[in-house]
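Results of the structural survey
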Amino acid sequence: MDSPLHFDINGIKECQRNRHPLLFVDRVFDVVPGEKASGLKCFSYNEWFFPAHFDDEPNVPGFIQVESLVQTFIMTFLSKDELRGKKTNFLGINNVKFKRKIVPGNTLVIHATLQSYRRGIATGSAVSFVGEDPACSADFVVAVPDVLDQFKPKGAA
Amino acid sequence: MSNREKYQSVFKESFQYEGDVEQLEYQGIEEWDSVGHMQLMAALEETFGIELDVDDIIDFSSFKKGISILAKYKVEI
């Protein structure tokens, strides 16, 4: 069995198309393409959103927590050679749960699992932690439009 | 339930569509887009216990066309 893969920020950018200021995973590790991936995101006060959310009580907005989860999740399949660098779209987000506030200085560790990937549609889930404390979790359905297009009926626009 | 009823039911459930499914064509309704197409293919495979070839997925352009495609898999609608 091959060893799990690891990606630094440049490796992540080779696999997925999210970029600053909307790239919310710094390092991805323990990746078994087609099965699982773990990610790490360090939040410092230099993040662009902290002064606005909120000036007297900075904490990570929920949608950014979800982005951290899904950006780790998509590495479970975009780490496959044939899918690297492809764009992805959300099809569904379910069972989102927020368990604690994430503040400057926190490091988020994310574990994502791919339940299935077939013909450009991936389903799975991710959970995140600060230390040992659960932070956020969600189930995802994500599409790879380039792959979906390969299966479009003939003559379709 | 007959195969035809199952076939109709797959279309209705995949697209949440209560109209006349027998007239449906790809992109004929908003729900039958590229994503809906994959959901429809997956539902047909599960319902009839088959695995569709890529060429057949691409050819599957309408309710009626699908009947002839499924016949290749010994599913008579």
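As a starting point, this report considers the structure included with it. These numbers come from a predicted model, not from an experiment. (Residues numbered from 1 in each chain as written. Chains lettered and ligands numbered in written order. Predicted model: local features only at pLDDT ≥ 70, side-chain atom pairs only at ≥ 80, totals over all residues.)

1. Here we look at the overall build of chain B
Put simply, the test is: Secondary structure elements are taken from DSSP: a helix is a run of H or I of four residues or more, a strand is a run of E of two residues or more, and numbering for both begins at the N terminus. Radius of gyration: C-alpha atoms only; globule rule: 2.2 Å multiplied by the number of residues to the exponent 0.38. Whether a residue is buried, exposed or partly exposed is read from the other C-beta atoms within 10 Å of its own C-beta, which are placed from the backbone; 20 or more gives buried, 12 or fewer gives exposed, and intermediate counts give partly exposed. A pair of residues counts as a contact when their C-beta atoms, built from backbone coordinates, are separated by no more than 7 Å.
Assigned secondary structure in chain B consists of four helices and zero strands. For chain B, the C-alpha radius of gyration of 11 Å lies close to 11 Å, the compact-globule estimate for 77 residues. Dimensions of chain B, computed from C-alpha atoms along their principal axes, come out at roughly 30 × 30 × 20 Å. Taken over 77 residues, chain B has a buried fraction of 26%. Once local pairs closer than 6 in sequence are excluded, the contacts in chain B between residues at least 24 apart make up 46%.

2. Thoughts on unusual backbone geometry
All names here are of chain A. The omega torsion across His20 and Pro21 is 10°, close enough to zero to call that bond cis. With respect to the helices and strands, the residue Pro21 is situated in the loop between helix 1 (9-15) and strand 2 (27-32). Phe54 follows His53 through a cis peptide bond whose omega is -5°. Assignment of secondary structure puts Phe54 in the loop between strand 3 (36-42) and helix 2 (62-73). Although it is not a glycine, Asp30 adopts a positive phi angle of roughly 55°. Residues other than glycine seldom take positive phi values, yet Arg119 does so here, at roughly 50°. Here Arg119 falls in the partly exposed class, since 17 other C-beta atoms lie within 10 Å of it.

3. Examining the interface of chain B and chain A
Chain B puts 13 residues into the contact, and the matching count from chain A is 14 residues. Tallying contributions element by element places helix 2 (residues 34-48) of chain B first for the side of chain B that touches chain A, with five residues.

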